Amino acid sequence: MGGSDPSGCVPGSPQGLGSFSGVCPAAGPSGFQTGSNAILPPLYRPAPCRVTNGGKTTLTNRLVKALPNCCVVHQDDFFKPQDQIEVGEDGFKQWDVLDSLDMEAMVSTVRAWIENPVKFARSHGVNVTPGSREPSSQDTHILVIEGFLLYNYKPLMELFDLRYYLAVPYDECKRRRSTRSYTVPDPPGLFDGHVWPMYLKHRKQMEDAGVDVVYLDGLKSRDELYNQVFEDIHNKLLNCS
Ligand SMILES: Nc1ncnc2c1ncn2[C@@H]1O[C@H](COP(=O)(O)OP(=O)(O)OP(=O)(O)O)[C@@H](O)[C@H]1O
Ligand SMILES: NC(=O)c1ccc[n+]([C@@H]2O[C@H](CO)[C@@H](O)[C@H]2O)c1
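Rules behind the numbers
- Residues numbered from 1 in each chain as written.
- Chains lettered and ligands numbered in written order.
- Predicted model: local features only at pLDDT ≥ 70, side-chain atom pairs only at ≥ 80, totals over all residues.
- Heavy atoms only, no water.
- Helix = DSSP H or I, 4+ residues; strand = E, 2+ residues; numbered from the N terminus.
- Buried < 20%, exposed > 50% of the residue type's maximum accessible area, 1.4 Å probe, protein only.
- Contact = heavy atoms within 4.5 Å.
- Polar contact = N/O pair within 3.5 Å; in protein donor to acceptor, adjacent residues only side chain to side chain.
- Axes fitted to C-alpha atoms, helices over the stretch in contact; angles between N-to-C directions.
- Left-handed = near helix turned anticlockwise from the far one by under 90°.
- Nonpolar A, V, L, I, M, F, W, Y, C, P; charged D, E, K, R; others polar.
- Core = buried A, V, L, I, M, F, W, Y, C linked by side-chain atoms within 4.5 Å.
- Expected span 1.5 Å × (residues − 1).
- Arc of directions from axis to C-beta.
- Salt bridge = Lys/Arg side-chain N within 4 Å of Asp/Glu carboxyl O.
- Phe/Tyr/Trp six-rings, centres within 6.5 Å; stacked < 30°, edge-to-face > 60°.
- Lys NZ or Arg CZ within 6 Å of the ring centre and 35° of its normal.

K.L.:
Sorry if this is basic, but what is going on with the overall build of the chain here?
P.N.:
Within the chain, the regular secondary structure consists of 7 helices and 7 strands. Along the chain, helices (α) and strands (β) appear in the sequence β-β-β-α-β-α-α-β-α-β-α-α-β-α when read from the amino end. Across the 241 residues that make up the chain, the buried fraction comes to 48%. Put simply, 75% of the contacts in the chain that link residues at least 6 apart link residues at least 24 apart.

Laid out in structure tokens, this is it:
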């Protein structure tokens, strides 16, 4: 975007988003909770949230493979059916707003994990360790939640222990988006007419609300991003134990 930065951010700073959030629970003075009802001791929920095509799915997939007893919830799985998505005055279907998502169902899903992460893992095909029939309540459990609108919905936002926001500049975001194929393909002009303006609006809303996020520069390599977040989570887990 050259010198004019549509996000209003300092040029050169990361824009666009992506986030992760995690929960470290509760028993004892864990000092790591940010509003979530943590449960068992080594229970932890990290979640990534970002701008579209910031790289959150890529990062999430790597983390989920590397972390123990790790489940994932994808916000994109909670889009309402296409015929329920409103058409705006601009003529575009309004995909990039909270109303396009069944956020209550998403929160219920996260709460189901909080209530019983072992049951949740098993019902989602995630192997739990140790291999015994009855895993100990002391086992570490992690939930990664990834989405593009995680930090604008209070009931969900409060459940995270760690919040990350993956940002990429306008040009890179638009370039990456143009290579993607969604279940409902983007009509011409959607990015500039709806996706990017909504991103800017929601980011401002989040910042005005003072939501505490760790910004990640989505222009960094996949390895760098992964190493940074993995290390954070690893350290949080050490602090929880
Ligand atoms: N660190 C990176 N550097 C360069 N390209 C990346 C990086 N991470 C992801 N990508 C590429 O960017 C594109 C979008 O990545 P990804 O699907 O992970 O983003 P996303 O934020 O989950 O997008 P969406 O909003 O569509 O769900 C993909 O083509 C991916 O290979
Ligand atoms: N997954 C979908 O059904 C879908 C349909 C139409 C648009 N999108 C886009 O997904 C992004 C979030 O990952 C948003 O920017 C939506 O525009 C998704």
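K.L.:
Could you clarify how one ought to interpret the side chain of Glu172 in this entry?
P.N.:
Take Glu172: it is sitting in helix α5 (residues 170–178). There is a polar contact of 2.7 Å between the side chain of Glu172 and the side chain of Arg176.

K.L.:
Whenever I open this one, the packing of α5 against helix α6 (residues 190–208) confuses me. Can you help?
P.N.:
In helix packing, the relevant descriptors are the interaxial angle and the interaxial distance, both defined with respect to the helix axes. At a minimum axis distance of 12 Å, the contact between α5 and α6 shows a crossing angle of 115 degrees. Viewed along their axes, α5 and α6 form a crossing whose handedness is right-handed. The segment α5 lies against α6, with Tyr170, Cys173, Lys174 and Arg177 engaging Leu190, Phe191, Asp192, Val195 and Trp196. The residue makeup of the contact of α5 with α6, split by class, is 6 nonpolar, no polar and 3 charged.

K.L.:
Is there a simple way to think about the side chain of Arg176 in this case?
P.N.:
Examined against the element boundaries, Arg176 turns out to sit in helix α5. Taking relative accessible area as the criterion, Arg176 reaches 19% and is therefore assigned buried. The residues touching Arg176, leaving out its near neighbours within four places in the chain, are Asn53, Gly54, Gly55, Val168 and Gly218.

K.L.:
Help me out: how do you make sense of the nonpolar core in this one?
P.N.:
Soluble globular proteins: nonpolar side chains tend toward being buried together. Membership of the largest hydrophobic core comes to 41 residues, with the highest contact counts inside it found for Met106, Ile145, Tyr151 and Leu156. Taken together, the elements giving at least two residues each to this core come down to β4 (70–74), α2 (103–115), α3 (117–123), β5 (141–146), α4 (154–157), β6 (162–167), α5 and α6. In terms of residue count, α6 provides more of this core than any other element does, 7 residues in total. Residues in contact with Met106, not counting those within four places in the same chain, are Val73, Gln75, Phe78, Ile145, Leu150 and Leu156. Among the nonpolar cores identified, the runner-up in size contains 15 residues, and Leu59, Ile142, Leu225 and Leu237 belong to it.

K.L.:
What is the right way to read unusual backbone geometry from this model?
P.N.:
Negative phi characterises most residues that are not glycine, and trans characterises most peptide bonds. In this structure, Asn69 takes a positive phi of about 45 degrees despite not being glycine. Relative to the elements of secondary structure, Asn69 occurs in the loop between α1 (56–66) and β4.

K.L.:
How do you make sense of α6 when you look at a structure like this?
P.N.:
Each turn of an α-helix holds 3.6 residues, which means side chains three or four residues apart point in the same direction. Between the first and last C-alpha of α6 there are 26 Å, a value that for 19 residues agrees with the 27 Å anticipated at 1.5 Å per step. Residues of α6 that are buried in the fold lie against β6, α5 and β7 (214–217).

K.L.:
For this particular structure, what's the right way to read α5?
P.N.:
Among all positions of α5, only Tyr170, Glu172, Cys173, Arg176 and Arg177 are buried. Buried residues in α5, looked at end-on, bunch into an arc of 165 degrees, giving them a common side. On its buried face, α5 sits against α6.

K.L.:
Whenever I open this one, the pattern of salt bridges confuses me. Can you help?
P.N.:
Side chains that carry opposite charge are capable of pairing whenever their charged atoms lie near each other. Per the stated rule, a full pass over the model turns up 9 salt bridges. The closest approach of N and O atoms between Lys56 and Glu146, which form a salt bridge, is 3.5 Å. Taken together, the residues Lys56 in helix α1 and Glu146 in strand β5 connect sequence positions 90 residues apart. Note on accessibility: Lys56 and Glu146 belong to one class, buried. For Asp208, the salt bridge identified is with Lys204, shortest N-O distance 2.7 Å. One end of the pair, Asp208, and the other, Lys204, are both in helix α6, 4 residues apart, so they sit about a helical turn from each other. Linked by salt bridges that have partners in common, Glu172, Arg175 and Arg176 make up one network.

K.L.:
Sorry if this is basic, but what is going on with the environment of Thr57 here?
P.N.:
Tracing the backbone shows Thr57 in helix α1. Sequence separation of Thr57 and Val213 is 156 residues, and the distance between their C-alpha atoms is 18 Å.

K.L.:
How should I be thinking about the packing of aromatic side chains in this particular structure?
P.N.:
Both the distance between ring centres and the angle between the ring planes are used here to describe each pair of aromatic rings. Evaluation of the coordinates by the stated rule reveals 9 aromatic pairs. With 5.4 Å between their ring centres and 80 degrees between their planes, Phe79 and Trp95 make a pair best called edge-to-face. With Phe79 in the loop between β4 and α2 and Trp95 in the loop between β4 and α2, the pair connects residues that are 16 residues apart, well separated along the chain. Note on Trp95: relative accessible area 15%, which makes it buried. Ring centres of Trp196 and Tyr199 lie 4.7 Å apart, and the angle between their planes is 50 degrees; on these two criteria the pair is classed as tilted. Of this pair, Trp196 and Tyr199 both sit in helix α6, separated by 3 residues, roughly a single helical turn. In terms of burial, Trp196 and Tyr199 fall into one category: buried. Aromatic ring contacts, followed pair by pair, group Tyr170, Phe191, Trp196 and Tyr199 into a single cluster. One residue, Arg62, lies across the ring of Tyr226, its end atom 4.3 Å from the ring centre.

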